[in-house]
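Coordinate analysis (summary)
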Amino acid sequence: DIVMTQTPLSSPVTLGQPASISCRSSQSLVHSDGNTYLSWLQQRPGQPPRLLIYKVSNRLTGVPDRFSGSGAGTDFTLKISRVAAEDVGIYYCTQGTKFPWTFGQGTKVEIK
Amino acid sequence: EVQLLESGGGLVQPGGPLRLSCAASGFTFSSQAMTWVRQAPGKGLEWVSTISNGGGGTYYAGSVKGRFTISRDNSKNTLYLQMNSLRAEDTAVYYCAVSAYWGQGTLVTVSS
């Protein structure tokens, strides 16, 4: 199974400041079709997960542009350019390149 | 608007069965693969199973293989998860998901 490792697991951030979450996979996430199926999800307290970014860097319609994804191969990053109060929650990376699909442990973003 | 409504959760004794349903609307159900993901209380996300759009392809996490069966009825726009031989560690909120969308989840509690 592909292991997804996120760092940090907790990220206290000042409002308006940037935040960055790293996600590393135990093997390349490049699919045989040439796509890289790495996504980022946000889970606000008490809510179901919500997809933010798919295929590394594609922001879902309606997701604020302060969220951006980057990376390739086995190393990926989610950046929040200026953290807002509504960004508090847990962020997960997930790979859909190979079954079984796997998730990172989650990174808790909270306001200092 | 895409809507996914899970049902069928509840309290079940260890070793017992339970069937979850996910009623879908707002998209062409028969064209999309569907997925179940679960989240144990206070824990991260765990992929459970995926079924292809026509139902011919099914995939399972090792932790549920042989005990859970995913299926779909494209005439009813409904996804199912038949869970047998339930264990305490299957206690979780079960979400159905399609592409970018997640349902609100249904809680399954396995306890005597």
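Residues numbered from 1 in each chain as written. Chains lettered and ligands numbered in written order. Predicted model: local features only at pLDDT ≥ 70, side-chain atom pairs only at ≥ 80, totals over all residues. Heavy atoms only, no water.

**Quick notes on the interface of chain B and chain A**
Contacts between the two partners involve 16 residues from chain B and, on the opposite side, 12 residues from chain A. Summing the contributions of chain B and of chain A, the shared interface buries around 1,200 Å²; its carbon and sulfur component is 74%. Its largest share of buried area at the contact with chain A, chain B owes to L45, W47 and W102 of chain B, together 48% of the area lost on that side. On the surface where chain B and chain A come into contact, there are zero salt bridges. On inspection of chain B and its partner chain A, the count reaches two residue pairs in polar contact (both at pLDDT 80 or more). Among the elements of the structure, strand 4 (34-39) and strand 5 (45-51) of chain B are those that each provide at least two residues to the side of chain B that touches chain A. No other element matches strand 5 of chain B, which puts four residues into the side of chain B that touches chain A. (Contact = heavy atoms within 4.5 Å. Buried area = accessible area lost by both parts, 1.4 Å probe. Salt bridge = Lys/Arg side-chain N within 4 Å of Asp/Glu carboxyl O. Polar contact = N/O pair within 3.5 Å; in protein donor to acceptor, adjacent residues only side chain to side chain. Helix = DSSP H or I, 4+ residues; strand = E, 2+ residues; numbered from the N terminus.)

**Some details on the layout of surface pockets**
In this structure, the largest pocket spans a volume of roughly 750 Å³. Around the largest pocket, the lining is made up of 29 residues, and of these S39, G96 and W101 of chain A together with S99 and A100 of chain B lie nearest the centre. Among the secondary structure elements, those contributing two or more residues to the lining of the largest pocket are strand 4 (38-43), strand 5 (50-54) and strand 9 (89-95) of chain A together with strand 4, strand 5 and strand 9 (92-98) of chain B. For the lining of the largest pocket, a count of residues per class yields 18 nonpolar, 10 polar and one charged. (1 Å grid on protein atoms, 1.4 Å probe; cavity = no way out; pocket = protein on both sides within 12 Å on 5 of 7 lines; lining within 4 Å. Points joined across faces, edges and corners; volume = space filled by probe spheres on them. Nonpolar A, V, L, I, M, F, W, Y, C, P; charged D, E, K, R; others polar.)

**Notes on the nonpolar core**
Grouped together as the largest cluster of nonpolar side chains are 38 residues, with contacts concentrated most on W36, L79, L81, M83 and Y94 of chain B. Going through the elements one at a time, strand 3 (18-25), strand 4, strand 5, strand 7 (68-73), strand 8 (78-83), strand 9 and strand 11 (106-110) of chain B are the ones with two or more residues in this core. It is strand 9 of chain B that provides the largest number of residues to this core, a total of six residues. By size, the runner-up hydrophobic cluster in this structure holds 21 residues, among which are M4, I21, I53 and F67 of chain A. (Core = buried A, V, L, I, M, F, W, Y, C linked by side-chain atoms within 4.5 Å. Buried < 20%, exposed > 50% of the residue type's maximum accessible area, 1.4 Å probe, protein only.)

**Considering the packing of aromatic side chains**
Scanning the model with the defined rule gives seven aromatic pairs over all chains in all. Plain terms: the ring middles of W101 of chain A and W47 of chain B are 6.1 Å apart, the flat faces sit at 40° to each other, and that makes the pair tilted. Residue W101 of chain A is found in the loop between strand 9 and strand 10 (102-103), and its partner W47 of chain B is found in strand 5; the two belong to separate chains. A relative accessible area of 26% means that W101 of chain A is categorised as partly exposed. Every member of this aromatic cluster is reached through a ring pair, and the members are F99 and W101 of chain A together with W47 and Y59 of chain B. The aromatic ring of F29 of chain B is capped on one face by R72 of chain B, whose charged end is 4.3 Å from the ring centroid. (Phe/Tyr/Trp six-rings, centres within 6.5 Å; stacked < 30°, edge-to-face > 60°. Lys NZ or Arg CZ within 6 Å of the ring centre and 35° of its normal.)

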